[in-house]
Amino acid sequence: MKPTNNTYADIILPLPLANTYTYVIPAEYEGKLVVGMRVTVPVKKKIYTGIVYAIHASCSVDYELKSILSVLDEHPIIRDPQLKFWEWISQYYQSFLGDVYKAALPSGLKLDSETHVTLKADFEEMDVDFTPQQDKAIAILLREREVTVSELAKWVGVKEPYSLVKGLFDKGVIVVSESLRELYKPKKEDFVRLTETAQDEERLKTIFDELKKAQKQLDLLLVFLDLSQNLEKGKQELLKKTLLEKSGASLAILKVLVAKNVLEIYSKEKSRLDLSDIKTHDRYPLNKFQQKAYTEINDHFKQKNVVLLHGVTSSGKTEIYIHLIEDALKSGKQVLYLLPEIALTSQLTNRLKRVFGNKLGIYHSKFPDAERVEIWNNLLLDKGYEIILGVRSSVFLPFRDLGLVIIDEEHENTYKQYDPAPRYHARNAAIVLAAMHGAKALLGTATPSIESYNNALTGKYGLVELFERHQEIALPNIIAVDTKELRRKKQMKSFFSPLLLQHIENALAANKQVILFQNRRGYAPYVECTQCAYVPKCKNCDVSLTLHKSFNALTCHYCGYTEKIPAKCPSCGNDKLESKGFGTEKIEDEIQTLFPDARISRLDLDTSRTKTAYEKIIQDFQHHQVDILVGTQMVSKGLDFEHVSLVGILNADNMLNYPDFRAHERAFQLMAQVSGRAGRKGKQGTVILQTSDVNHPIIQQVIANDYLSMYKQQMQEREDFNYPPYYRLINVQVKHRELNTVNKAARKMADELRAVFGLRVLGPDNPPITRIQNLFLKRIVLKIEANAPNDKAKELIQEVSMKIIADEQFKSVTIQLDVDPM
């Protein structure tokens, strides 16, 4: 290859590609391009927006490199620590950098939008020959000035515009750029002011004389001068909307004054974020138990980077967090406060804003994308946010200098990203992010994950325990009810035991609130023909359709397929189809029948799909506008309701009998957490736990709040059967539209893996659901010793994956790796 004077940039593309791609930096951008900026680049016949990953002076390849088309930023939108963090996510979770890029940036910053084309200013001076199609394109650009690539292709009459655009670009006659208009538009407000000439006092007197016969225009001008205080020293900006409202004038009258060069309208960018000054208050003092925990946490931080705070429900962990956050801010550091559920942000926002005001920013997927872009830019440009309260995607934000990362409810499996890739665990990723910033990480929970508690007991993490509830209120009294015996005696009323119904009645009579927990949404898991046992199933997935009575529909919770409830059985024509099992919607229906005067609400995915829906349900319950709240696991996670005296767990069995090695750990956590919602203020609360096996070890451990016994029992089982924390798991999922192909590919992959890993490979076998979205699935599990070289194992797995896909018969097979699956 001939030596050149070019410089080169490695670009991360928003594609599932194993490597970055190298492009030539055009002379006009040399010295200006910086790592972390966005650029547009050609990939085959398309144009993509990529991130500059590295810049270097030489490149030894034996083919001609393409050039960067345009640079979209004046400054990097990614900080240096973020790219290192992306690399770690990509390497540890075996995902492509392009997938990390897509997960990390809000959509408004990922410009997969239309590419825009304009003629260069000096185009007419160029002595260049053009093809007929190029001549036609230039004529269009002369007329329209700027068009999108798709518009240009349509008007020129070509199906594939890439060659046309590239030809014009190579001849140096056009500029190619990406537009933000489609994805992120800064919010703007119109203001009104006097024109420069009208600000002269003599000229203003003349204007008054000229407007004597135009009374409406004169009135508008006088109102403007009054509101803007333009004739006084303290001028004020005046919104166009305010001027029209206060004056009662029409927009047409204002436009006449603009045309007469008296007033002018100008626009200013307005933040979508609420950055108004908020009166803040001092933090609440800690009680003696909280103070002891706070001191122990700081002592551990002197020696360790990660501390686990194991505090029972309602022990006041949030107040300890607030004191630690204030310490971090005083030292000039930033704080990331992670939560497992968006629902929790509503309550916590009020508590944190009380102390920290508008230093607090909220970040999660329920916000409009434009707001997420502005939060990103606020952090990037150091415009005020010092604390971010958010869910798992918050780990990707452009922090300047993190000092503290808090992972609240660290045991929650919702910290794990499932689809799409990268399949990262936000708790573990946040610990690594903290280390990259030299920050401390605090994990908080009443029911630690087995892995975290083990890390604390073995000295990897510091351990602080807080077993006294705030105001020394006793933990709730948990009563197990034997539903098997009650059903035998025919004493169950619908899904409610007599004891639970009596306690609900007592709670309502005492003006207290009730939470009913059922970890399944919808009305019923399925419907069944009473004659032939036909069950409607999803046409795309191997699952039964869930009945949603409020939509009058059957819905698949995996692909979203929906169909109407059949009037008759499609198999035998029988007109009786019965619902089987029960979900939150059915509980809500039944409890309303039993307690018709009670105000009842439901909190699950179906009722809380928007930010405002979440907040309204929680605020209504918090303000006692709801008596009974029916919910899924969303009601179990750290919510603080003052008047809840009773919690009903309607079916503990479906949690205990789930086919997963973590089922008992999760069942304990869910039941302990939802129980902790009862009796948080005032006297001791009550929990009615309905189960068909009251003597089950987990049920007894929940009743006794005996986390340690649960931990020891689970650790023994995991050691016996090679599960975490003694072994690391990697799930390999093989997908294809043809069952025969997926079976062959999975068998070959398992054989190849066994040749390397031996008995550490299990499968291939069928997952609980064998077909999702018309793709058949096979699963292979690898169990690798915790002390084995993890990176080397992953490298070998990737080599086997690439070998399988390289086989012609398996080139359309999808292989997904899930490291540390949940």
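The paragraphs below set out a description of the structure included in this document. (Residues numbered from 1 in each chain as written. Predicted model: local features only at pLDDT ≥ 70, side-chain atom pairs only at ≥ 80, totals over all residues. Heavy atoms only, no water.)

Thoughts on the overall build of the protein chain
1) Next: A tally of regular secondary structure across the protein chain gives 25 helices and 34 strands.
2) Next: Based on the C-alpha atoms only, the size of the protein chain along its principal axes is roughly 95 × 75 × 70 Å.
3) Next: Taking all 822 residues of the protein chain together, the buried fraction comes to 52%.
4) Next: Contacts in the protein chain between residues far apart in sequence, at least 24 positions, make up 74% of those at least 6 positions apart. (Helix = DSSP H or I, 4+ residues; strand = E, 2+ residues; numbered from the N terminus. Buried < 20%, exposed > 50% of the residue type's maximum accessible area, 1.4 Å probe, protein only. Contact = heavy atoms within 4.5 Å.)

A word on empty space enclosed by the protein
Rolling a probe over the atoms, with the probe sized like a water molecule, indicates the empty space that remains.
1) Next: If you walk through the whole model with that rule in mind, you get 2 cavities of 30 Å³ or more.
2) Next: Lining the second largest cavity we find Ile11, Ile12, Leu13, Leu15, Leu17, Asn19, Thr20, Leu97 and Gly98.
3) Next: Of all the secondary-structure elements, those providing two or more residues to the lining of the second largest cavity are strand 1 (7-12) and helix 2 (97-104).
4) Next: Class assignment of the residues belonging to the lining of the second largest cavity gives a composition of 6 nonpolar, 3 polar and no charged. (1 Å grid on protein atoms, 1.4 Å probe; cavity = no way out; pocket = protein on both sides within 12 Å on 5 of 7 lines; lining within 4 Å. Points joined across faces, edges and corners; volume = space filled by probe spheres on them. Nonpolar A, V, L, I, M, F, W, Y, C, P; charged D, E, K, R; others polar.)

Let's talk about the packing of aromatic side chains
1) Next: Per the counting criterion, the structure on display carries 17 aromatic pairs.
2) Next: Here the aromatic rings of Trp88 and Tyr92 are separated by 5.2 Å at their centres, their planes lie at 15°, and the arrangement is stacked. Residue Trp88 and its partner Tyr92 are located together in helix 1 (residues 80-92), separated by 4 residues, close to a single helical turn. Of the two residues examined, Trp88 and Tyr92, each falls in the buried class.
3) Next: Aromatic pair Phe661 and Tyr723: ring centres 4.3 Å apart, planes at 15°, arrangement stacked. (Phe/Tyr/Trp six-rings, centres within 6.5 Å; stacked < 30°, edge-to-face > 60°.)

Focus: helix 24 (residues 739-757)
One turn of an α-helix holds 3.6 residues; hence residues three or four places apart share an orientation.
1) Next: Between its first and last C-alpha atoms helix 24 spans 26 Å; for 19 residues at 1.5 Å apiece the expected length is 27 Å, and the two agree.
2) Next: Of the surrounding elements, those touching the buried residues of helix 24 are strand 30 (727-736), strand 31 (761-765), strand 33 (775-785), helix 25 (790-806) and strand 34 (814-819).
3) Next: Positive backbone phi, at 65°, marks Gly758, one or two positions downstream of helix 24. (Expected span 1.5 Å × (residues − 1).)

With respect to the sheet that holds strand 24 (residues 562-564)
1) Next: Judged by pairing direction, the sheet is antiparallel, and its 3 strands sit side by side in the order 22-23-24 without closing on themselves. In the strand order of this sheet, the two ends are held by strand 22 (546-548) and strand 24, each with one partner. Across the sheet, the mean angle from the axis of one strand to that of its neighbour is 30°, orientation sign disregarded.
2) Next: Two elements, strand 23 (residues 553-555) and strand 24, share 3 bridges in a ladder whose sense is antiparallel. If you follow Ala553 over to strand 24, its bridge partner there is Lys564. (Pairing = 2+ DSSP bridges. Axes fitted to C-alpha atoms, helices over the stretch in contact; angles between N-to-C directions.)

A short note on the packing of helix 3 (residues 132-144) against helix 4 (residues 149-156)
1) Next: Where helix 3 meets helix 4, the axes come as close as 10 Å, and the angle between the chain directions of the two elements is 120°. Between helix 3 and helix 4, the angle falls in the class oblique. As for the relative orientation of helix 3 and helix 4, their crossing is right-handed in sense. Of helix 4, the residues touching helix 3 (which contributes Gln133, Lys136, Ala137, Ile140, Arg143 and Glu144) are Leu152, Trp155 and Val156.
2) Next: Grouping the constituent residues of the contact of helix 3 with helix 4 by class yields 5 nonpolar, 1 polar and 3 charged. (Parallel < 35°, antiparallel > 145°, perpendicular 65-115°, else oblique. Left-handed = near helix turned anticlockwise from the far one by under 90°.)

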